[in-house]
Amino acid sequence: MPRTPAPGGALLPATAGVASGIALVLALLVAPEDAVQGPAQRLMYVHVPAAWVAYLAFATVLVCSVAYLVRRDLRFDRCAQAAAELGVGLTALAIGLGMLWGRPVWGVWWTWDARLVTTTVLLLVYVAYLGVRRMADDPHVAARRSAAVGVVAFLNVPVVHFSVVWWRTLHQPPTVLGPDGSPPIDPVMAWALAAGVVAFTLLAVLVVRRRVAGLRAAGSGTAAVLPADGAAPVITVVPGGGR
Amino acid sequence: MSGRGAGRQALPAGTLGTVAVLVRRDARVALGGVDGFASVLPFVAAGVVLGGLVLGPDPAALRTAAPGLVWLLVLTAAVPLARVVAAAERDEDSWDLLRGLVPPGVLLLAKAAVLWAALAVTWGTGTVLAVLLLDGAVPVAGFAAALLGLVGVAASTTVFGALLAASARGAGLLAALVLPAGLPALLAGTQAGTAADPLPWLALLVAYDLVAGATAWAVFPFLLEE
Amino acid sequence: MTRPAQRRRTLSLRLLVVVGAVGGALALLGVSGLADTLVYYRTPTELLAEPPPEDERLRLGGLVQVGSVERVGSEARFAVTDGVATLPVVYSGALPAVFAEGQGAVVEGRLGADGVFVGDLVLVKHSNEYRPVGEAG
């Protein structure tokens, strides 16, 4: 463990680990095989949580960006950066798994469908957002600019989510987050999906928290100030602070 | 922001006068500067010629692809044109002074107006070339779509130009932001010229202008305070 | 320098305007009928009501009619229905493994003058239902 920041410092990693284990068992062993799509359907238990938690990450970028613009506290900027990095990774994961699923089930890796195109645009915009963060040397200038872009970029998220509702697409409409109340999904499958979402959310909180701690350590410049830093397994490879 | 300080005498009184001065200055940059038409119009011409080589020689294929090709070239040209937003101020080193004197909304309006005109000229040049070389046709709806769609493109490009105002780095990044931001204009602008009923596409462009304009106005002041 | 409280007021006002603009844009799109324009595929009913130009490449989508699939050599014939109208389809090529009667499908190709849709790519469209094997969905 890095420095235990809160009393529950070891609790979160343990819970996330247990939740991931349960989700894996449910998704691979317990949940029944889909009648139509076959084993490929099991990719859904990762694809859908990845996409949802990516939405959550981008919403966090929005909230932290607005908070930075109001408070001018670099804490919020670090939070926005960590959440955006996670969101980019999860969006790429969702697209990659979607392609893996699409080949056996639709028959193609890619097609010009509104959901696929808008999701890819979402990924590109947030990759560019991470680039904007590095355009300025002064951390406050970089934070202000990226906060502005972080607010604008979020406009993509509702477009992605509702693309399958607004337009007639090849991608199926939402099963669980759909407009009508009773999701057309087998209860065991729904539980496996829910476990996946819980596991992904916990892991996401863990990753963002560690990344924020890493950014704080890198941002404060003299890493030796924190005695425990040398032993910390925090990912500090990516140069933070816009250098 | 209260920018009505003592240094105001450099600019004529009234919002319209301020806008006129700013517009004249930026128009000079667009017309004569390195980042203006001098680089953008040859780029568009080369794009139409090379696009024709890639997509041709089937005249039907060229005709179909022409409006989309022009829109793609205009969006790509918006990346260097974004430099016009702060070029005059960077040369005179007056960006900080201007920020203090002119309210951000007025500044955004003036800058976006020049960019809109520059983008419209770029689109017009590309379209004339497409008509001549690619046998393209320009219906009235295509014109209306260009004039409408470029409002939103100009608003977002102005924001990105302000991002670039203080630093020379990161110009390439703009392409990654300007192109997705212009996607609705590209899609609707291309479709409005060819669809049987262009009205839904024109409505999409109005909606796009509304959202792009409102967000540009909302974030622009934060990009100004350096 | 502006203080946080004042900044919050200014910012929330600006964000409110953005939200209002997004709402206005959505309302505008709702009444404009854009949803009918930006479609990935068209239904048999739409294609029969408004026949496209003969050389136009388009996508036809619907359910594969039960009992309509015939395989003759490498060619497959089936009918796509939306419950109201039905269009016959000819497709030369291997059908995807998950292709089945009663399931959704999207066919890319051209509508011939004889009313037969000549497809060159078949995609299987899935509903948002997830049911285990052996349970009638």
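Note that the structure is predicted; figures quoted are calculated from it, not measured.

Calculation rules
Residues numbered from 1 in each chain as written. Chains lettered and ligands numbered in written order. Predicted model: local features only at pLDDT ≥ 70, side-chain atom pairs only at ≥ 80, totals over all residues. Heavy atoms only, no water. Helix = DSSP H or I, 4+ residues; strand = E, 2+ residues; numbered from the N terminus. Rg over C-alpha atoms; globule rule 2.2 N^0.38 Å. Buried < 20%, exposed > 50% of the residue type's maximum accessible area, 1.4 Å probe, protein only. Contact = heavy atoms within 4.5 Å. Areas by Shrake-Rupley, 256 points an atom, 1.4 Å probe, with all protein chains shown as cover. Polar contact = N/O pair within 3.5 Å; in protein donor to acceptor, adjacent residues only side chain to side chain. pLDDT = per-residue confidence, 0-100. Buried area = accessible area lost by both parts, 1.4 Å probe. Salt bridge = Lys/Arg side-chain N within 4 Å of Asp/Glu carboxyl O. Nonpolar A, V, L, I, M, F, W, Y, C, P; charged D, E, K, R; others polar. Core = buried A, V, L, I, M, F, W, Y, C linked by side-chain atoms within 4.5 Å. Disulfide = S-S within 2.5 Å. Phe/Tyr/Trp six-rings, centres within 6.5 Å; stacked < 30°, edge-to-face > 60°. Lys NZ or Arg CZ within 6 Å of the ring centre and 35° of its normal. Pairing = 2+ DSSP bridges. Expected span 1.5 Å × (residues − 1). Patch = residues over 30% accessible without salt bridge, like charges linked within 9 Å, V, L, I, M, F, W, Y side chains within 5 Å.

Novice: Help me understand the overall build of chain B in this model?
Specialist: When helices and strands are counted, chain B shows 10 helices and zero strands. Taken against the 2.2 N^0.38 rule, which gives 17 Å for 226 residues, the C-alpha radius of gyration of chain B at 18 Å falls within 12% of a compact globule. Its C-alpha atoms give chain B principal-axis dimensions of roughly 65 × 35 × 30 Å. Going through the 226 residues of chain B one by one, you find that 52% of them count as buried. Relative to all contacts within chain B whose residues are 6 or more apart in sequence, the contacts with residues 24 or more apart total 79%. In the form shown here, chain B has an accessible surface area of approximately 9,300 Å², with 72% of it arising from carbon and sulfur atoms.

Novice: Would you take a moment to explain the overall build of chain A for this structure?
Specialist: Within chain A, the secondary structure is distributed over seven helices and zero strands. When the helices and strands of chain A are placed in sequence order, the string is α-α-α-α-α-α-α. Within chain A, buried positions represent 51% of all 243 residues. Contacts spanning at least 24 positions in sequence make up 76% of the contacts within chain A whose residues lie at least 6 apart. Per element, the accessible surface of chain A, about 10,600 Å² overall, is 72% carbon and sulfur.

Novice: Can you help me understand the side chain of A:R133 in this one?
Specialist: Mapped onto the elements of the fold, A:R133 is located in the loop between α4 (114-132) and α5 (139-153). Within the structure, A:R133 has its side chain in polar contact with the side chain of A:Y129 (distance 3.1 Å).

Novice: Looking at this structure, I do not really get the confidence of the model for chain A. What am I missing?
Specialist: The predicted coordinates should not be examined in detail at positions where pLDDT is low. Summarising the model, chain A shows a mean pLDDT of 83, and 85% of its residues fall at 70 or more. Per-residue pLDDT stays below 50 along residues 222-243 of chain A; that stretch engages in 22 contacts with residues further than four places along the chain or on separate chains.

Novice: Please explain the interface of chain B and chain C as it appears in this structure.
Specialist: By a widely used convention, the size of an interface equals the accessible area lost when the partners come together. Across the boundary between the two partners, chain B contributes 15 residues, which contact 15 residues of chain C. Three residues stand out in chain B for area buried against chain C, namely B:P200, B:W201 and B:W217, and they jointly supply 32% of the buried area on that side. Joining chain B to chain C, the criterion identifies zero salt bridges. Across the chain B-chain C interface, the total number found is one residue pair in polar contact (both at pLDDT 80 or more). Ranked by the residues each element gives to the side of chain B that touches chain C, the list is headed by helix α10 (residues 199-224) of chain B, at 14 residues. Among the residues making up the side of chain B that touches chain C, the classes are represented as 14 nonpolar, one polar and no charged.

Novice: Which parts of the structure should I look at to understand the environment of C:K125?
Specialist: Mapped onto the secondary structure, C:K125 falls in strand β6 (residues 117-125). Each C-alpha atom, one on C:K125 and one on C:D55, is 25 Å from the other, the two residues being 70 residues apart in sequence. Within the local environment of C:K125, its side chain forms a polar contact with the backbone oxygen of A:T169, the two atoms lying 3.0 Å apart.

Novice: When you look at the interface of chain A and chain C in this model, what are you seeing that I'm missing?
Specialist: Tallying the contact residues gives 36 residues for chain A and 35 residues for chain C. When the two sides are added together, the surface that chain A and chain C hide from each other amounts to roughly 3,200 Å², 60% of it contributed by carbon and sulfur. Of all residues in chain A, the largest losses of buried area upon contact with chain C belong to A:V70, A:R168 and A:L170, amounting jointly to 22% of the total for that side. Here chain A is connected to chain C by one salt bridge. Sorting the residues of the side of chain A that touches chain C by element identifies α2 (44-71) and α3 (74-105) of chain A as the ones contributing at least two each.

Novice: Is there a simple way to think about the nonpolar core in this case?
Specialist: Buried together is how nonpolar side chains tend to be arranged in soluble globular proteins. In terms of nonpolar packing, the biggest core is built from 112 residues, with A:Y126, A:Y129, B:L119 and B:L150 touching the most fellow members. Not counting residues up to four positions away in its chain, the partners in contact with B:L119 are B:V74, B:A78, B:L81, B:L150, B:V153 and B:A154. If you look at the next biggest cluster of nonpolar residues, it comprises 19 residues, including C:L87, C:L95, C:F99 and C:L111.

Novice: Would you explain the state of the cysteines in this entry?
Specialist: Two cysteines form a disulfide when their sulfur atoms are joined by a covalent bond. Residues and elements named next belong to chain A. Per the stated rule, a full pass over the model turns up one disulfide over all chains. The disulfide that involves C64 links it to C79, with 2.1 Å between the sulfurs. One quick way to see it: the torsion about the S-S bond of C64 and C79 is about 40 degrees, and its sign makes the bridge right-handed. Within this pair, whereas C64 is found in helix α2, its partner C79 is found in helix α3, the two being separated by 15 residues in sequence.

Novice: Looking at this structure, I do not really get the pattern of salt bridges. What am I missing?
Specialist: Pairing is possible between side chains of opposite charge, provided their charged atoms come close. In the structure shown here, the tally under the stated rule is 10 salt bridges over all chains. Taking the shortest distance from any N to any O, the salt bridge between A:R168 and C:E46 comes out at 2.7 Å. In this pair, A:R168 sits in the loop between α6 (156-166) and α7 (187-219) while C:E46 sits in helix α2 (residues 44-49), so the two residues belong to two different chains. A residue is classified by how much of its surface remains accessible, and C:E46, at 31% relative accessible area, is partly exposed.

Novice: How should I be thinking about the packing of aromatic side chains in this particular structure?
Specialist: When we look at a pair of aromatic rings, we describe it by the centre distance and by the angle of the planes. Counting across every chain of the model gives six aromatic pairs over all chains. Between A:W101 and A:W106, the aromatic rings sit 5.4 Å apart at their centres with planes inclined by 75 degrees, giving edge-to-face as the arrangement. In terms of burial, A:W101 and A:W106 fall into one category: buried. Connected via pairs of aromatic rings, a cluster forms that spans A:F58, A:Y126 and A:Y129. The ring of A:F76 carries the charged tip of A:R75 above its face, separated from the ring centre by 5.5 Å. Taking the ring centre of B:W217 as reference, the NZ or CZ of C:R14 above it sits at 4.1 Å.

Novice: Explain the pairing of strand β4 (residues 86-92) of chain C here, please?
Specialist: For a regular strand, the rule is simple: side chains alternate between the two faces of the sheet. Residue and element names in this part refer to chain C. Sheet topology note: the strand β3 (residues 75-81)/β4 ladder contains seven bridges and is antiparallel. Bridge pairing in β4 links E75 to S92. The turn joining β3 and β4, which pair antiparallel and follow one another in sequence, is formed by four residues; a positive phi near 90 degrees is taken by G83. Across three bridges, β4 lies against β6 in parallel orientation.

Novice: How should I be thinking about α7(A) in this particular structure?
Specialist: The periodicity of an α-helix, 3.6 residues per turn, causes residues three or four positions apart to be oriented the same way. For α7(A), which comprises 33 residues, the first-to-last C-alpha distance of 47 Å matches the rise-based estimate of 48 Å (1.5 Å per residue) to within 8%. At the N-terminal boundary of α7(A), the capping side chain belongs to A:D186, with an oxygen 3.2 Å from the backbone nitrogen of A:V188.

Novice: How should a nonpolar patch on the surface be read in this particular structure?
Specialist: Residue and element names in this part refer to chain A. A cluster of nonpolar side chains, contributed by L24, V25, L28, L29, V30 and V188, occupies part of the molecular surface with about 550 Å² of accessible area. Take the nonpolar patch: its biggest share by element is five residues, from helix α1 (residues 11-30). On the secondary structure map, L24 appears in helix α1. L24 gets classed as exposed once you look at its relative accessible area, which sits at 52%.

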